[in-house]
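# Coordinates in review
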Amino acid sequence: MNDRERVVSVISKAETFLILTHLRPDGDAISSSVAMYEFLVSLGKSPENIDVFIPHISTDLFFIDKNSIRTKNCTLEKHDLVIVVDCSDSLRVEGNELLDGISPEQCILIDHHEAPGTPIKTDYSVIDTSAPSCTCIIYREFSKYISAKNGNSFLDLPKTSNSLTNNSISLV
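The structure contained in this document is the topic of the report that follows. (Residues numbered from 1 in each chain as written. Predicted model: local features only at pLDDT ≥ 70, side-chain atom pairs only at ≥ 80, totals over all residues. Heavy atoms only, no water.)

Once that is clear, we can look at the environment of Ser31. When you line up the elements, Ser31 lands in helix α2 (residues 27-42). Expressed as a C-alpha distance, the spacing of Ser31 and Thr135, which sit 104 residues apart in the sequence, is 6.2 Å. (Helix = DSSP H or I, 4+ residues; strand = E, 2+ residues; numbered from the N terminus.)

Structure, rendered in structure tokens:
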């Protein structure tokens, strides 16, 4: 079983999810978080059971309507699985205190960087340092699975930009 298949297997067994990314999120951090959210929903996971933790969106990303994004409080207690995207260094993860109490089998890491500092403790990772972005990894690796499973691809899913602006995603 390859890394992608292991990650999908772990995801398929979980019911509740927390998606984390790095401090001062850039376009890749936000888009890979939303892409992972869309992937989970495409697998039939309930949107109400998926939390995306992006507490601050830079004014440089002025095209995102921050007023349309619902926010809620987040704790690790209600999540079966934590998925960290676009960040391999645990000290750079926004909400890194949420990583302290989890075991490596409760965490998935997807990134295009090697951890330069304090690596995230995980048993499941997809890291491709040759990829131009984490979003590209999610698209390339996981759209294959969606296509094989139900004939759809990410291109058939609702557009990611709509996920942020139509209240279909809750950022915490």
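The discussion continues.
Right, let's get into the packing of aromatic side chains. Pairs of aromatic rings are described using the distance from one ring centre to the other and the angle between the two planes. Applying the stated criterion across every chain yields a total of one aromatic pair. With a centroid separation of 4.9 Å and 45° between ring planes, the pair formed by Phe39 and Phe142 is classed as tilted. Within this pair, whereas Phe39 is found in helix α2, its partner Phe142 is found in helix α3 (residues 134-150), the two being separated by 103 residues in sequence. Phe142 matches Phe39 in its accessibility class, with the two residues each being buried. (Phe/Tyr/Trp six-rings, centres within 6.5 Å; stacked < 30°, edge-to-face > 60°. Buried < 20%, exposed > 50% of the residue type's maximum accessible area, 1.4 Å probe, protein only.)

Moving on to the side chain of His79. Residue position: His79 is located in the loop between β3 (70-71) and β4 (81-85). Polar contacts involving the side chain of His79 include one to the side chain of Asp51, which spans 2.7 Å. (Polar contact = N/O pair within 3.5 Å; in protein donor to acceptor, adjacent residues only side chain to side chain.)

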